[in-house]
Every structure is written in C-alpha cells, then in structure tokens.
Amino acid sequence: MIENFIAFRSFPTLIQAKELETLLKENNIETILADNLPPVDITFSGSTLQNRYEVKIDASDFEKAELILEKETENLLDNVNPDYYLLSFTNEELYEILLNSDEWNIFDYKLAQKLLTERGKTIDADMLASLKKERLKILAKPEENQKPWIIAGYIFSLLGGGIGIVIGYSLWKSKKTLPNGERVYSYSEEDRKHGKTIFFISLIIFPLSFIFSVFSTNPRALYF
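Every value quoted in this text rests on a predicted model; they were computed, and no experiment measured them.

Procedures and definitions
Residues numbered from 1 in each chain as written. Predicted model: local features only at pLDDT ≥ 70, side-chain atom pairs only at ≥ 80, totals over all residues. Heavy atoms only, no water. Helix = DSSP H or I, 4+ residues; strand = E, 2+ residues; numbered from the N terminus. Buried < 20%, exposed > 50% of the residue type's maximum accessible area, 1.4 Å probe, protein only. Contact = heavy atoms within 4.5 Å. Areas by Shrake-Rupley, 256 points an atom, 1.4 Å probe, with all protein chains shown as cover. Core = buried A, V, L, I, M, F, W, Y, C linked by side-chain atoms within 4.5 Å. Pairing = 2+ DSSP bridges. Axes fitted to C-alpha atoms, helices over the stretch in contact; angles between N-to-C directions. Expected span 1.5 Å × (residues − 1). Phe/Tyr/Trp six-rings, centres within 6.5 Å; stacked < 30°, edge-to-face > 60°. Lys NZ or Arg CZ within 6 Å of the ring centre and 35° of its normal. Salt bridge = Lys/Arg side-chain N within 4 Å of Asp/Glu carboxyl O. Parallel < 35°, antiparallel > 145°, perpendicular 65-115°, else oblique. Left-handed = near helix turned anticlockwise from the far one by under 90°. Nonpolar A, V, L, I, M, F, W, Y, C, P; charged D, E, K, R; others polar. Polar contact = N/O pair within 3.5 Å; in protein donor to acceptor, adjacent residues only side chain to side chain.

(A) Representation of the overall build of the protein. A tally of helices and strands in the protein yields eight helices and five strands. Going residue by residue from the N terminus, the α and β elements of the protein occur as β-α-β-β-α-α-α-α-α-α-β-β-α. The buried share of the protein, taken over its 224 residues, is 33%. Taking contacts inside the protein between residues at least 6 apart in sequence as the whole, the part at least 24 apart equals 67%. Within the structure as shown, the protein displays about 14,400 Å² of accessible surface, and the carbon and sulfur contribution to it stands at 57%.

(B) Looking closely at the nonpolar core. The biggest cluster of nonpolar side chains holds 31 residues, and the ones touching the most others in it are F8, L20, L24, I57, L94 and L98. Sorting the residues of this core by element identifies strand 1 (6–11), helix 1 (14–26), strand 3 (53–57), helix 2 (62–74), helix 3 (91–99), helix 4 (106–118) and helix 5 (125–140) as the ones contributing at least two each. In terms of residue count, helix 4 provides more of this core than any other element does, seven residues in total. Look past the residues within four positions of L98 in its chain and what remains in contact with it is Y109, A112, Q113, L116, I123, L128 and L131. Counting residues in hydrophobic clusters, the runner-up holds five residues, among them I150, L171, Y187 and I198.

(C) Layout of the sheet that holds strand 2 (residues 32–35). As summarised here, the arrangement of the three strands in space is 1-3-2, forming an open sheet in which the pairing is antiparallel. Two strands in the sheet have a free side with no partner beyond their single neighbour: strand 1 and strand 2. Within this sheet the neighbouring strands show an average axis-to-axis angle of 30°, counted without direction. Packed on one face of the sheet, helix 2 meets strand 1 and strand 3 and runs near 30° to strand 1.

(D) Structural detail: helix 2. An ideal rise of 1.5 Å per residue puts 18 Å on 13 residues; helix 2 measures up with 18 Å between its terminal C-alpha atoms. Here the buried face of helix 2 lies against strand 1, helix 1, strand 3, helix 4 and helix 5.

(E) Region of interest: the packing of aromatic side chains. Applying the stated criterion across every chain, the model contains 10 aromatic pairs. Both rings, one in Y169 and one in F199, keep their centres 5.7 Å apart while their planes meet at 55°; by these two values the pair is tilted. Residue Y169 is located in helix 7 (residues 163–173), and its partner F199 is located in helix 8 (residues 189–217); the two are separated by 30 residues in the primary sequence. On the basis of an interplanar angle of 80° and a centroid distance of 5.2 Å, the ring pair of F199 and F200 is categorised as edge-to-face. When its relative accessible area of 38% is taken as the criterion, F200 is described as partly exposed. Put simply, the rings of Y84, Y85, F89, W104 and F107 pair up and form one aromatic cluster. Here the guanidinium or amino end of K173 rests over the ring plane of W172, the centre of that ring lying 4.5 Å away. Cation over ring: K175 sits above Y185, and NZ or CZ is 4.9 Å from the ring centre.

(F) Inspection of the pattern of salt bridges at higher detail. Counted by the stated rule, this structure contains 12 salt bridges. The salt bridge partner of E21 is K25, with a shortest N-O separation of 3.5 Å. Highlighted residues: E21 and K25, both in helix 1, separated by four residues, approximately one helical turn. Overlapping salt bridges bring together E70, E74, K110 and K132 as one network.

(G) The packing of helix 2 against helix 4, seen in detail. Between helix 2 and helix 4, the shortest axis-to-axis distance is 9 Å and the interhelical angle comes to 65°. As the angle between them shows, helix 2 and helix 4 are arranged roughly perpendicular. Remark: the crossing between helix 2 and helix 4 carries right-handed chirality. Along its contact with helix 2, which presents E66, L69, E70, T73 and E74, the element helix 4 presents I106, F107, Y109 and K110. A class-by-class count of the residues in the contact of helix 2 with helix 4 yields four nonpolar, one polar and four charged.

(H) Molecular detail of the side chain of K176. Considering the arrangement of structural elements, one finds K176 in strand 4 (residues 175–177). Engagement of the side chain of K176 in a polar contact is seen with the backbone oxygen of L139, the distance being 2.8 Å. Ignoring anything within four residues of it in the chain, the contact list for K176 reads L139, A140, K141, E143, E182, R183, V184, Y185 and S186.

This is the structure we're talking about:
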C-alpha cells in the first residue's frame, strides 16, 4: 500500500529526484515523489533537513532498488575525472566508505570498491554483505542520552502543557529507517516506557489545565 512507502533517497533538487524516480519506474518499482517535510515521529537530534525531495518506495523493494542503482553507476566508473577527490583516499579511508555506505552516495561506494580492487585488495560480495550487516547492527541501536528529554517531558506534562504530549509520544513511538528499509524504534525500551508514561500523564492533565485556565480567567463560566 502506497501509504506505507518510506523514503529510499532524498535530494536537494527536484531534477535529481525525478531522475531516480524515472530509473526505478523503468525497472518496475513503484515510487512516490514527495517533499521532505518533518516526519510525525520527530527526533531530538537537533539536525535540520538538508534535502527537500524524497523518492519513496515500498520497503520490500529496497534491495532491488539498491542493485539497480549499483548497476547503473557501474557504467560511469570508467570516466572518473582525474582530480576526483576519492582518488587521493588511502586504503583505510576507502574501507571506511564500504563500512559506512549509507553515509555516501552510490557512485563513491562503487568507486571505492573499484579503487581497492585496482590496488590489489580483495573485494567480494560476501565481504560487502558482511560489512552491510555489521553496519545495520550499529544503526539499529537505540539513540542514547534521552534523560534530558525525559526530565523535560515529565516537567511539561505536570505543568499541563501540550509539549509534554509531543515529547512523550515521540519518545514512545519514534522510529528510524535502516538502509535496508527496516523500521526500528529510535529509543530504548526503558526510554519508550518513560515516553508512554509522559504521554498519558500529559493527556490527562492538559485538558484539565485548559479547563482550569478558562474558569480562572472567567469565573462566570461555571454558571453556564
């Protein structure tokens, strides 16, 4: 169902996004092109959106789409500009690209493989699969140090502010998308329990606080 599609790639321009959209559609992968608006499951990392346009696909198509991109990119590797920055990378830096492939574009990822192979290093499918598996384990780990937000959430919930509802729900329900399309909770089980508690406390106190505020500013409202 298209409402369950998630972001596969994000781009700063509409032209770049449409190029990928066209490529995927040519290979029978259904896509949705959308503005990269702040998600419902906000996080507290303080990061800002750098790419405006998202190409969304079904999570089950992520692996197929990755293979399509890799194959398309391989056709460009023989025409690399002599002063391209990756050519000056050390072997260790190139291996770092392979390990953190989600942080690099597909061209640099494939070029790193090519350069290492040309330097006599063995790069095979099993090795790349192992690196990706290890990377997924790292990325799947819950975000740490949510204590300041938990404290703030309890304070806002007791003060009757709607902010407590937002913080509580975010800690409780926020998810992140892994490079393979899998969705996992952003925070630890313990932090999520705090978020759930904050959410329901806020849900109870917020309307009571609103009613009290109305009556305190307009006592006659009690008689209507």
